[in-house]
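Commentary on secondary and tertiary structure
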Amino acid sequence: MPVDHRVPISPEQAQYLNKTYDNVEVVCQSSDIRCFSDDEYREYGVEIVEDVSDCDVLMGVKEVPMEELMEGKIYFFFSHTIKKQAYNQALLRLILKKNITLIDYECLTDITGKRIVAFGRYAGIVGAYNGIYTYGKRYNLFDLKRANECFDMVEFQEEYAKVKLPNIKIAVTGGGRVSKGAMEVLNGMGIRRVNPEVFLKEYFNEPVYTQLNGRDYNKHKDGQEFHREEFYKTPEHYMPDFLKYARVTDLLIAGAYWNPKAPVLFHREDILKPDFEIKVIADITCDIEGSIPSTKQPTTIADPIYDYNPSDDKVEEYFSDEANITVMAVDNLPCELPRNASEDFGKELVENVLPNLIGKDQDDTILRATITAAGKLTEKYAYLQDFVN
């Protein structure tokens, strides 16, 4: 697994916590891989330590290596266990054995169920940029820096001026943080947004994009009206209606959450039809063999793209054949802009989460995200018991 440079709390945010709360001391474990150096934390008066065994609460980003887990502590990280991910079964067992209280960022929500901390915006920002980068490379249009070669967002946005696209059509799926992040980039590049109906019917003398919600590309099997709540509850009652967009789209930026019970966007057989126009797919969701059949495997920051050969249903060297679809499916996109992604994440954490940890847990924000406590699964996550067993 590639090294992750992100942090949950930036140096300035750590200083704010130390100054704001009398009963809190934030220290930082020494590291030479973080996007913020030890010296940057020192500049904000944050103590750098080697040993964190005297800390009550330990906050990271990705899963903690099993050999480093400490008995009886409170941990915050993305555990990737709530969907019974097999590769973290042993991790969850050890967390229970060591009486660790595990609070998972992915489960931190408000009372409506909406997530209150996430890296989704930066997944969308980098994913859309990588999609444009890939399209430019495939057709020798321009040469952008990779996102991870940019120090921060300022340098990243300076690359926008290099983008000179022909009259292509770009479709963005989804309506959440990811798609909003993607649209930030397209707007920043001066690409015009049009509504889905106009996107389908009109010809343009400039590059344009449209944003598609579930209602735009799914329809009820019985011909009934689309109802979003019903779609999320019983997606199996719906069928795909995306092909009308595939006939006019050159670049697809996929940012919509996909439920395995929901219709796929399209099938391999659809790609083989002569009117299927999509040539480049930036699959931010990176659901392997999920809603997009060309996403056969994830890619890495170092090696971000491959070609999908629909005739043989296999992955090939990128730009190897004009009949192929070029796929960008990096599965850790926010890591390409770790400083800005960390600052945004930390801001949400400081504002929406930590006051509930330090003081009273308003609306059970912390409780709802607590997977394990005192050697047991909490009531909400008891469904994981068979997985643990």
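Residues numbered from 1 in each chain as written. Predicted model: local features only at pLDDT ≥ 70, side-chain atom pairs only at ≥ 80, totals over all residues. Heavy atoms only, no water.

This part covers the overall build of the protein. Scanning the protein from terminus to terminus reveals 14 helices and 17 strands. Radius of gyration (C-alpha) of the protein: 22 Å, near the 21 Å computed for a compact globule of 389 residues. Taken along the three principal axes of its C-alpha coordinates, the protein extends 65 × 45 × 35 Å. Within the span of the protein, comprising 389 residues, buried residues form 52% of the whole. Put simply, 65% of the contacts in the protein that link residues at least 6 apart link residues at least 24 apart. (Helix = DSSP H or I, 4+ residues; strand = E, 2+ residues; numbered from the N terminus. Rg over C-alpha atoms; globule rule 2.2 N^0.38 Å. Buried < 20%, exposed > 50% of the residue type's maximum accessible area, 1.4 Å probe, protein only. Contact = heavy atoms within 4.5 Å.)

A few words on the sheet that holds strand 3 (residues 57-59). As summarised here, the arrangement of the five strands in space is 3-4-5-16-17, forming an open sheet in which the pairing is mixed. Either end of the sheet is taken by a strand with one partner, and the two such strands are strand 3 and strand 17 (376-377). Both strand 5 (residues 101-104) and strand 16 (residues 370-373) contribute to a ladder of two bridges, which runs antiparallel. Within strand 16, the residue paired with I103 across the bridge is T370. Helix-sheet contacts for helix 3 (residues 89-97) involve strand 4 (74-77), strand 5, strand 16 and strand 17, and the interaxial angle to strand 16 is about 50 degrees. (Pairing = 2+ DSSP bridges. Axes fitted to C-alpha atoms, helices over the stretch in contact; angles between N-to-C directions.)

With that settled, consider the sheet that holds strand 8 (residues 208-212). Here we have eight strands laid out as an open sheet, ordered 7-8-6-11-12-15-13-14, and mixed in their pairing. The strands lining the two open edges of the sheet, one partner per strand, are strand 7 (192-193) and strand 14 (314-316). As defined by bridge partners, strand 11 (residues 251-254) adjoins strand 12 (residues 280-283) across four bridges and the pair is classed as parallel. Looking across to strand 12, one finds that I253 is bridged to A282.

The next thing to look at is unusual backbone geometry. Trans is the common state for peptide bonds, and a negative phi is the common state for residues other than glycine. Despite not being glycine, C286 shows a phi value in the positive range, around 50 degrees. Within the secondary structure, C286 is located in the loop between strand 12 and strand 13 (305-309). For C286, a relative accessible area of 13% gives the class buried. Phi is positive for D363, close to 55 degrees, though the residue is something other than glycine. Structurally, D363 is set in the loop between helix 12 (338-358) and helix 13 (365-369).

Let's shift gears to the packing of aromatic side chains. Remark: the centre distance and the inter-plane angle together describe each pair of aromatic rings, the angle taken between the planes. This structure, assessed with the given rule, holds 21 aromatic pairs. Relative to F266, the ring of F242 has its centre 5.9 Å away and its plane inclined at 25 degrees; by these criteria the two rings are stacked. Here F242 is found in the loop between strand 10 (238-240) and helix 10 (243-246), whereas its partner F266 is found in the loop between strand 11 and helix 11 (268-271), with 24 residues between them in sequence. For the pair F242 and F266, one class covers both residues: buried. Three or more aromatic residues link up through ring pairs in this structure, and these residues are F76, F78, Y105, F119 and F345. For R6, the ring lying beneath its charged end belongs to F119, and the centroid distance is 4.3 Å. (Phe/Tyr/Trp six-rings, centres within 6.5 Å; stacked < 30°, edge-to-face > 60°. Lys NZ or Arg CZ within 6 Å of the ring centre and 35° of its normal.)

On to the pairing of strand 15 (residues 325-328). In strand 15, alternate side chains face the same way, and those of I325 and V327 on one face and T326 and M328 on the other are all buried. Two strands pair when backbone bridges link them, and strand 12 and strand 15 are joined in this way by three bridges, in the parallel orientation. Counted as the bridge partner of A282 is M328 from strand 15. Pairing geometry for strand 13 and strand 15, over four bridges, is antiparallel. Residue pairing for strand 15: Y306 is matched across the bridge by V327.

Side chains of E25, E47, E50, D51, D54 and D56 sit close together on the surface and give a patch of like negative charge. Looking at the secondary structure, you find D56 in the loop between strand 2 (48-49) and strand 3. D56 gets classed as exposed once you look at its relative accessible area, which sits at 60%. (Patch = residues over 30% accessible without salt bridge, like charges linked within 9 Å, V, L, I, M, F, W, Y side chains within 5 Å. Areas by Shrake-Rupley, 256 points an atom, 1.4 Å probe, with all protein chains shown as cover. Salt bridge = Lys/Arg side-chain N within 4 Å of Asp/Glu carboxyl O. Lys, Arg positive; Asp, Glu negative; His and termini not counted. Charge placed at Lys NZ, Arg CZ, Asp CG, Glu CD.)

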